[in-house]
Amino acid sequence: RQIVPAPTASMITMRGCPYQCPFCVSGNLRGTGKKKYSKRSIDNIVTELKMLQSVGYKSIIFYDDCLFFGKNVNEQISEFCVTVCEAELFLKWTMELRPDVFELLTEEAFSVLAASGCREINIGFESANFEIQKRFKKKFDIQRTAKQCQIGMRAGIAVNGTFIIGGPEETAETIRDTIFASSQLGLLFAHFTPLEVYPGTPLYTSMFGADERAWFYLLKDDSLKWNEIIYETERLSSKELISMASKAYIQFYSAPDWPDRIRRFFCGEKAEQVIKQSYEMIKNRYNL
């Protein structure tokens, strides 16, 4: 996406996750006990950021599933960003957020994030269907989120989304609804991935019970060579889900207003370059 075309490093500030989405490994690393996650202190994080800046890095990707979380998210953001600015860090950075947390951000929070170097927020929406959202332990309001995306973009922060194709009770119709909703949120970029099943998650246990070797045989015999276990149902095969994910890319990036969003966010030749590269990408996505 080249939001920040500069030497980039990645960081993780937390082990585990305060949320326990059934398909995600992070929130289930520590079982169901009280200590679901451990978070590094802001001073500890800033010390590493200073080191990375000193050796030439100019951009950071925080790979935590949710860098900020909980109802006091705006206070967390303020404390973190003030510390980053006081440390005279001039890094640009990317983070992940949940949609229900993203909806809580105030205009001031967006301004503070932008001032401290945040240039990109990636949000795991997963599905636009309310019942499926509940299964995934996610929720968001399309209209509210669309307004938040506009505020973020005006602050100079690219807002992107990820969506899951397939899952329990999914139908071709609910998937099409999610694909349509993705283009109504005002996102700059979107990613669509078939639901993948990982050992150690409740989703895996619901499918295979205590069989810790099931993943090996499934991947060994996978004719598609996807190298991940795709959640299949009698209604939707893995091949159909991959095909729908590919079509989702084409539909999102072919929307008439998408180039306009790119041109509002990027300038001149850069915008045209991003548009061209994105069109090339959708031709080759999933090799379909």
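Every chain is numbered independently, its residues counted from 1 as its sequence is written. Given that this is a predicted model, residues contribute local features only at a pLDDT of at least 70 and side-chain atom pairs are listed and counted only at 80 or more, while totals for whole chains, interfaces and linings are drawn from all residues. The basis for every side-chain value is the complete set of non-hydrogen atoms in the structure, without hydrogens or water.

Asks: Mind laying out the pattern of salt bridges, listing which residues take part and the relevant values?
Replies: We define a salt bridge as a side-chain nitrogen of Lys or Arg found within 4 Å of a carboxyl oxygen belonging to Asp or Glu. Taken as a whole and assessed by the stated rule, the structure comprises 8 salt bridges. Salt-bridge contacts for Glu 169 lead to Arg 135; the nearest nitrogen and oxygen are separated by 2.8 Å. Placement of the pair is Glu 169 in the loop between β7 (158-165) and α7 (172-182) and Arg 135 in helix α5 (residues 130-136), with a sequence separation of 34 residues. We classify Glu 169 as partly exposed; its relative accessible area is 48%. Arg 263 serves as the salt-bridge partner of Glu 272, at 2.8 Å between the closest nitrogen and oxygen. For each residue, the accessible area found with a 1.4 Å probe, counting protein chains only, is set against the maximum for its type, and the residue is called buried under 20%, exposed over 50%, and partly exposed in between. Glu 272 sits in the partly exposed class, given a relative accessible area of 39%. Since its relative accessible area comes to 41%, Arg 263 is described here as partly exposed. Per the convention used, a helix needs a DSSP run of H or I reaching at least four residues, while a strand needs a run of E reaching at least two, with both numbered from the N terminus.

Asks: I'd like a rundown of empty space enclosed by the protein, residues and numbers included.
Replies: Lining residues are defined by having an atom within 4 Å of a point belonging to a cavity or pocket. Those points lie on a 1 Å grid over the protein atoms alone, cavities being sets where a 1.4 Å probe fits but cannot get out and pockets being open sets with protein on both sides within 12 Å along at least five of seven lines. Grid points are joined across faces, edges and corners, and a volume is the space filled by probe spheres set on the points. Tallied over the entire structure, the rule returns 1 cavity of 30 Å³ or more. The computed volume of the largest cavity comes to approximately 50 Å³. Contributing to the lining of the largest cavity are Leu 49, Ile 60, Phe 62, Phe 80, Val 84, Leu 89, Leu 91, Trp 93 and Ser 116. For the lining of the largest cavity, the secondary-structure elements that each account for two or more residues are β4 (59-62) and α2 (73-86). Ten residues, namely Ala, Val, Leu, Ile, Met, Phe, Trp, Tyr, Cys and Pro, are considered nonpolar, four, namely Asp, Glu, Lys and Arg, are considered charged, and the remaining ones, Gly among them, are considered polar. Partitioned by chemical class, the residues of the lining of the largest cavity number 8 nonpolar, 1 polar and no charged.

Asks: Mind laying out the sheet that holds strand β8 (residues 189-194), listing which residues take part and the relevant values?
Replies: Strands sit in the order β1-β4-β5-β6-β7-β8 across an open sheet of 6 strands; the sheet is parallel. Among the strands making up the open sheet, the edge pair consists of β1 (8-11) and β8. In this sheet, neighbouring strand axes are inclined to one another by 20 degrees on average, regardless of whether the strands run parallel or antiparallel. Two strands form a pair only when DSSP identifies at least two bridges running between them. Of the pairings in the sheet, the one linking β1 to β4 comprises 4 bridges and is parallel in character. Looking at β4, one finds that Met 11 is bridged to Phe 62. Strands in contact with helix α1 (residues 42-54) are β1 and β4; relative to β1, the strand with the most contacts, it is inclined by about 160 degrees. Axis lines are fitted through C-alpha atoms, for helices just across the contact stretch, and the angle between N-to-C directions can take any value from 0 to 180 degrees. Note on definitions: a residue-residue contact is assigned when non-hydrogen atoms from the two residues lie within 4.5 Å.

Asks: Tell me what's going on with α2, and back it up with residues and numbers.
Replies: Helix length check: α2 (14 residues) gives 20 Å between terminal C-alpha atoms against 20 Å at 1.5 Å per residue, within 8%. Within α2 the residues assigned to the buried category are Val 73, Asn 74, Gln 76, Ile 77, Phe 80, Cys 81, Thr 83 and Val 84. Where α2 is buried, its residues meet α1, β4, β5 (92-97), α3 (99-102) and α4 (107-115). Positive phi appears at Glu 88, one or two residues downstream of α2, with a value of about 55 degrees. Multiplying 1.5 Å by the residue count of a helix minus one yields the expected span of that helix.

The analysis is restricted to geometry; functional conclusions fall outside its scope.
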